[in-house]
Every structure is written in C-alpha cells, then in structure tokens.
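Chain residues, written in single-letter form:
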Amino acid sequence: MENLGRDEPLTPAGRLFVSPIMNQIINCVIAGENPIDIEAVRAEINNSIMVKHPRFCSLLVKDSYGREHWRRTVVDVDRHLIIRHDALSDDPLVSDEVAVNEYLADLSVSSPLGTDKPLWEIHLLMAYNSAVFRVHHALGDGISLMSLLLTCCRRADDPSTRPTIGGIGAGSSPMLKRRWDLWTLLKAAWYTLVYVLEFIMRGLWLKDRSTALSGGAGVELWPRKLVTAKFELDDLKTVKRAVADATINDVLFGMVSCGFSRYLDIRSTKAVREGVRFTGVAMVNLRPQPGLQDISKLMSSDLGTRWGNKFGMLLLPVHYHRGGSNPLEFVKRAKAMIDKKKLSLEAPCSYKIGDLVMSFFGAKVASILNYRIVCNTTFTISNVIGPQEEITIVGIPVKYIRVNSTSLPHAITLHMMSYAGRADMQILVAKDIIPDPGVLAKCFEDALLEMKAAAEVVAGRS
C-alpha cells in the first residue's frame, strides 16, 4: 500500500492495546430487521467519515527500534468487508441470536486483525441480517468508536436526522459540581490514597480470593461462550428511584453483586463465605462530556474531547451475600462504594500512572502490570449509553446493538449497552470455568426483577 505522509507514533494507551498480552479488539454487532444490501453498505462506507479518519486509513508499523507508528495509506474497502452467506450453525433449533453470539465468542479468542491493512473489519452475516464491526482498541475507546459508528445511522422516525448522541447529565465532572469543604477534601484525599495504593498492589501481588468465578493467567486463550442478558431501562429507573440519589450505575453494580451471589448459591460446590469480595475492573470515560460525543469535536485538535483512548481504570468491589437478602440492599451497598470512588481521583490517577510507567519503562512493563491487574481481579465490566431512539443503518431498521471485546484473563467480562429503552448485557465467559452462562444471565435478570418488585413495594408505602 502507498505511504501518504509522515508516520505518527502511537499514544501510550494505543501501545498498551497492541502489546501481545493485551491485544484488544472491540466487536460490535448490529442486527437489522431486513436483509442487507451489500452495495448499499459498500457505498455507505466509502462516503463515511470513517474512511477519512486518520486512524482508519493507517497501517500499524514498527520502526527500527521496535516502536509502533501509524502510517497513512489508501483504504481498499473490499479488503475490510468479510461477507458470509452461509448459516453459522447446522442445528435448526439454534436461534439467530444464539448463532451470532457463538460467532462472536469464536472471534473473541485468537482472531487477530491483520496488520497488512488498517485495523478494522466489517463482517456481514447475510443469513442473519447482521453486521459485526471489528475495530482494534488502539484506534480509540468505546465512546469514540460508537460516536463514529453512529454517524452512519439515522433516526427511524426521521431519516434526515442523526441519532441523539448526548450523554446522561451535564458536561461537567461530578467532582466539579460537588460543594467542597474541609471534611470533603480530607475524605477525597484519603480515598484517593487508599485506592491508588490498592491499584498499585493489584499490579504486584494483591489478588481476589479464588471462587467458581475466578480466571487467571492464560485463561484469555480458553474457549468462550457468549450469552445476552436483557433488561428494560424503565425497570432500572424504577429501582433507581427507590434508593435516594442512586444512579443507573449504582443499580447495575447492585444487580451484578446480587446476580453473582445467586449464581454462587447454585453453582459453588463449597459454601461461600459471607461477604467474600469479587473485584471488577471498569474503564471510566475521562472526557469533559459524558456519553456519546459529537464526532466533529472528537476529530478537532483544538478541543478537550479529542479522539483516542481517554479513560482511567477503576477497581470496583462487589460482595457475596446469601439468598434471602433484601435485593435493594445490594443497590445501597453499591451506591456507597461508588460514591467513594466518585469522590476520589482514582480514575485520573490510574491514567497518569499508566502514562508514567509507559514513558519511563516502556510498553512491555506497562502491559505486564496491566495484565497482572486483570489476573488479580475477577471480572471486567463496561456500560455504554447508546442511541435513545430507534435507528436505521443503510435504510435498515436496527433490532439491537451489542458490544463485546477480545477475551481477557478474566473468566467473565460484562459489556452492557442501551438502545431505545432497552439494555443488553453481553456476558462472555471461559466455558471450562463457567459452563452455563445462561444461568448466570438469568441470575442477573431475576436480580433486577426482584429489585423492581421491592422498589414497587417501597413506592406503594410512600
């Protein structure tokens, strides 16, 4: 391919994501109501911002010192389109959703993107009216990539309008909105110190207690299963209203804690000690505006919401509690934990620590420390706010949008995305550790329904 200009070095986060032990690819599946028109898809890509974006028309190359760079090239769209006309399963009892999930599970293990072309692909699964967008994480974070993808979409009720891409809440950070006094400053400093020390210790030796949910080094290479847990946003909001000042993320983590507890009650061969901790790893958006972004601002070099990987890492503990617990107590405990995290500077500090380690010790050491943090925790979780209304892509109404990523040493990764009043959580598991992820998905779904029922009782009393 032709070289179109000077090479540009990867950012520290980009170098981390292309390292061999942290080679991360984001898989986003969009399922349509109608058959896919291949020529329409090809035309949409050729006319899109995507093929004009520097990251999407650059090769990943290494210089003589082994440092990675982006090298501009000409994009041949046909090389990025993988078209499958055949059925993914011979079993007539396998539904379309299950077949697509099985395909995504296979892609999540040992299916890298070739470096002889820019690091993205689109798989068209013609028999299932579905498209899988595979994008290397080095090209950008989930917020950047989803914002870019939605430039190709239109609102179903107004085809001339792009989807609503605003985030939840105002543009300023929650810390900037807080009323600060001496006690609050002292708490913020203390929480930051404690959480940053734990972050460092997790990269060195501190590890979660082993349970039926635990992964570990090398588990990223094990075969995977992928299932979907489905929720209604109205149910999440009902629970949120029942707990004072709670957020959707508080409900999500309460639901995860409750779901894990219920699953361990079913699956664990040994009695699990009350209060045992499972630590989650979450990537937190550090952009000034939360939620999906205006793509013109992301691509501007003059604004604070620049394109790329702009996130910090949070360690989010949830705990086991035996069945019979009031389900709303899970949300209250999650809220108390997340409130402390919000008051701290853990996310920006983790971003800075990673940047400093990368700058002083190089990508290899930074990727090893990051890998150890994942090995020493139990699960990964993310939550992306998607379009608020139903949308179309190349004129086809969209049934759902779901996201997952390349497998990690965790035995469980959870990726939730909302779309038009619904929220789907993709649960990717190492099937030799968690052979029945459908049971785990049901535990999460039942946990939310139990919380909703409890919330309605609370609302009836008030």
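Notes on the structure follow. (Residues numbered from 1 in each chain as written. Predicted model: local features only at pLDDT ≥ 70, side-chain atom pairs only at ≥ 80, totals over all residues. Heavy atoms only, no water.)

1. Overview of the packing of aromatic side chains
Then, number 1: According to the stated counting rule, one finds 5 aromatic pairs in the structure shown.
Then, number 2: Seen from their ring centres, phenylalanine 56 and tryptophan 120 are 6.2 Å apart, and the 50° between their planes marks the pair as tilted. You can see phenylalanine 56 sitting in the loop between helix H2 (38-46) and strand E3 (58-62) and its partner tryptophan 120 sitting in strand E6 (residues 120-125), a full 64 residues away along the chain. Take phenylalanine 56 and tryptophan 120: they sit in the same class, and that class is buried.
Then, number 3: Where tyrosine 191 meets tyrosine 195, the ring centres are 6.1 Å apart and the plane angle is 20°; that geometry is what we call stacked. Taken together, the residues tyrosine 191 and tyrosine 195, both in helix H7 (residues 182-202) and 4 residues apart, mark about one turn of the helix. For the pair formed by tyrosine 191 and tyrosine 195, the shared burial category is buried. (Phe/Tyr/Trp six-rings, centres within 6.5 Å; stacked < 30°, edge-to-face > 60°. Helix = DSSP H or I, 4+ residues; strand = E, 2+ residues; numbered from the N terminus. Buried < 20%, exposed > 50% of the residue type's maximum accessible area, 1.4 Å probe, protein only.)

2. Considerations on the nonpolar core
Then, number 1: By size, the foremost hydrophobic cluster in this structure holds 57 residues, and its most contacted members are Phe260, Ile412, Leu414, Met425 and Ile427.
Then, number 2: The dominant element in this core, judged by the number of residues it contributes, is helix H9 (residues 248-267), at 10 residues.
Then, number 3: Setting aside residues up to four positions removed in sequence, leucine 414 forms contacts with Val256, Phe260, Phe379, Thr380, Ile381, Ser382, Met425, Gln426, Ile427 and Phe444.
Then, number 4: One finds Trp70, Leu148, Leu149 and Ile391 within the second-largest nonpolar core, a separate group that totals 47 residues. (Core = buried A, V, L, I, M, F, W, Y, C linked by side-chain atoms within 4.5 Å. Contact = heavy atoms within 4.5 Å.)

3. Side note on the sheet that holds strand E8 (residues 153-155)
Then, number 1: Within the open sheet, the 7 strands sit side by side as E5-E6-E7-E2-E14-E13-E8. Their pairing is mixed. Unpaired on one side and paired on the other, strand E5 (81-84) and E8 mark the two borders of the sheet. If you compare each strand with its neighbour and ignore which way they point, the axes differ by 30° on average.
Then, number 2: Pairing between strand E13 (residues 391-393) and strand E14 (residues 396-405): 2 bridges, direction antiparallel. What sits directly across from threonine 392, in E14, is proline 397.
Then, number 3: Across the sheet, helix H5 (residues 142-149) touches strand E2 (25-32), strand E7 (130-136), E8 and E14, and the angle it forms with E2 is around 35°. (Pairing = 2+ DSSP bridges. Axes fitted to C-alpha atoms, helices over the stretch in contact; angles between N-to-C directions.)

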